[in-house]
Amino acid sequence: MPATRYVLAVDQGTTSTRAVLLDAKLNVRGVGQQEFTQHFPKPGLVEHDLQEIWDTTERCIARALKQANAKGSQVAAIGITNQRETTGLWTAAGKPLHRAIVWQDRRTSDLCHELKARGEEARVRRTTGLVLDPYFSGTKLKWLLDHVKDARRRAAQGELRFGTIDTWLVFKMTGGAVHVTDATNASRTLLMNLETLAWDDAMLSMLDVPRAVLPRIAGSAELYGVTRGMKSLPDGVPVSGIAGDQQAALFGQACFDPGESKCTYGTGAFLLMNVGTRPVQSKAGLLSTVAWRLGDTTTYALEGSAFIAGAAVQWLRDGLGLIKKASDVEALAKTVKSSGAVVFVPALAGLGAPHWRPDARGLFAGIDRSTTKGHLARAVLEGVAFQIQDLAEAMKLDSGRAIPAFKVDGGAAKNDLLMQFQADVLGTNVVRPKNVETTALGAAFLGGLGVGFWKSPDDIRRAWKADKVFKPKLSAEERAHHLGKWRDAVKRA
Ligand code: ADP
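Residues numbered from 1 in each chain as written. Predicted model: local features only at pLDDT ≥ 70, side-chain atom pairs only at ≥ 80, totals over all residues. Heavy atoms only, no water.

Caption draft 1: Examining the nonpolar core more closely. Grouped together as the largest cluster of nonpolar side chains are 129 residues, with contacts concentrated most on Leu89, Val209, Tyr265, Ile388 and Phe406. Element by element, the count of residues in this core is highest for helix 12 (residues 373-399), at 13 residues. Counting contributing residues per domain, this core is built from domain 1 (6-245) and domain 2 (254-493), each supplying no fewer than three. Counting 35 residues, the second largest nonpolar core, distinct from the first, contains Leu50, Trp90, Met230 and Ile242. (Core = buried A, V, L, I, M, F, W, Y, C linked by side-chain atoms within 4.5 Å. Buried < 20%, exposed > 50% of the residue type's maximum accessible area, 1.4 Å probe, protein only. Helix = DSSP H or I, 4+ residues; strand = E, 2+ residues; numbered from the N terminus. Domains from an automatic or database assignment.)

Now the structure itself:
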């Protein structure tokens, strides 16, 4: 009997690295996970040690193989998904010049303000689909080139390699032979032209970035190279899939048709909508980004995020002490039939798209003497859903499309009450999949597609199974009443 063949997904996240081994039927056969150090050198600065990230990757792969009782030679392909925007710079020999600057890091705020003051924002938006914010990689790379001793001179001489985490992992996996990124990660750098998918001269000159440090921009599923000199895998294993974490989740949720959307409810929430094969410029301050590139076809997405989602539940737990653990919020919210007149605006860290009011603050409205902690809990869950509804509404307007499928994942998507209310305010079915490992699944699919282990996304569509469908239950009037209450409260926040 031939040995089972597996696809390995490496999911390199902000707080931990995971390796997930899947068989051809997409069953998870082995998992390795490890946290790593968060460095906070000063308030507002966040860094990761690239070598430590690589070491955890090797260890997680070894653990996943061991758990599945599999040999490295049984791995048919590797797909990578990663925390996006986090920026590294290393030598041709693979020696990091500095710790990686993490997406959360705000050290380039002043630079972003300067560029805005120079009137660059409109051009940045048109060219890259992004906004001038320290979040993205480009200004972080400029900072490294400006602040690390000799970096500029060495970069100009072709001695240095820039990369996001996907690029770092492929570089290490292939023994330094391959310097590549995929179009989804490149679309988060501020350096790539969203239409041509090439590095853009005007953006490079705006940020003073020499071409010599940049990786090749590749598709999301193709053979980038093979392993060489790894501890956890033999030489010759194909590395063949890459996508940023949110894009991998969109793929893993099988959102292949325009309009199909997924929302990940973690600490914050990320909503992405497939908008088809042309980028859509947002009028509401959403980001325009690459969803994936397969062969010659690029699929684009609109992206909106809410800073606070599950974090509002954490606040009920840690700030107010109303619950012991996050999952208790559902039972507490169910002690009342409705939130009554109570509305919660979860602007605990300002309001993002489509409001863009960093100065807004959280708000409970409509409290009277009959209000109980059950009402508060219920209003908090509803507030999370209202925010997502605002994003979805903006996406529908920008894209001119309805949302045929709204798929959910992440820790807070386990909450049935929240998902039901989400369906109610959206007026759309909300679908939660059986396999909630959507990010790893997306990466594995891409890796497998890259070597023909799976033939087409249809294989994924067939394998994707719903766990529960939440159907909207509110009448049009009730829905309008809820949305009216929410809009009033947002104005006050
Ligand atoms: P992240 O990847 O951002 O760390 P997770 O996907 O692990 O987030 O989800 C954790 C978040 O989900 C926490 O903010 C937590 O408060 C919230 N959460 C977990 N379980 C529930 C639940 N049953 N109902 C509502 N929120 C929940």
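Caption draft 2: Quick look at unusual backbone geometry. Phi is positive for Asp150, close to 70 degrees, though the residue is something other than glycine. Following the sequence through the fold, Asp150 ends up in the loop between helix 4 (137-147) and helix 5 (151-156). Despite not being glycine, Asp208 has its phi angle at roughly 60 degrees, a positive value. Following the sequence through the fold, Asp208 ends up in the loop between helix 8 (201-206) and strand 10 (216-218). The exposure class assigned to Asp208 is partly exposed, which follows from its relative accessible area of 40%.

Caption draft 3: Representation of the pattern of salt bridges. Summed over the entire model, instances satisfying the criterion amount to 32 salt bridges. Taking the shortest distance from any N to any O, the salt bridge between Glu47 and Arg107 comes out at 2.9 Å. Here Arg107 lies in the loop between strand 7 (100-101) and helix 2 (109-117) and Glu47 lies in strand 4 (residues 47-48), a separation of 60 residues in the sequence. The network of salt bridges with common partners includes Arg84, Glu85, Arg188, Asp245 and Glu303. (Salt bridge = Lys/Arg side-chain N within 4 Å of Asp/Glu carboxyl O.)

Caption draft 4: Summary view of the packing of aromatic side chains. On inspection of all chains with the given rule, the structure shows 15 aromatic pairs. Measuring from centroid to centroid gives 6.5 Å for Phe251 and Phe445, while their planes differ by 70 degrees, and the two rings are edge-to-face. With Phe251 in helix 9 (residues 245-252) and Phe445 in helix 14 (residues 438-450), this residue pair connects regions lying 194 residues apart in the sequence. Like Phe445, Phe251 is buried. Cation over ring: Arg107 sits above Trp143, and NZ or CZ is 4.4 Å from the ring centre. Stacked on the ring of Trp464, the Lys or Arg Lys407 has its end atom at 3.9 Å from the ring centre. (Phe/Tyr/Trp six-rings, centres within 6.5 Å; stacked < 30°, edge-to-face > 60°. Lys NZ or Arg CZ within 6 Å of the ring centre and 35° of its normal.)

What is shown is where atoms sit, not what they do.
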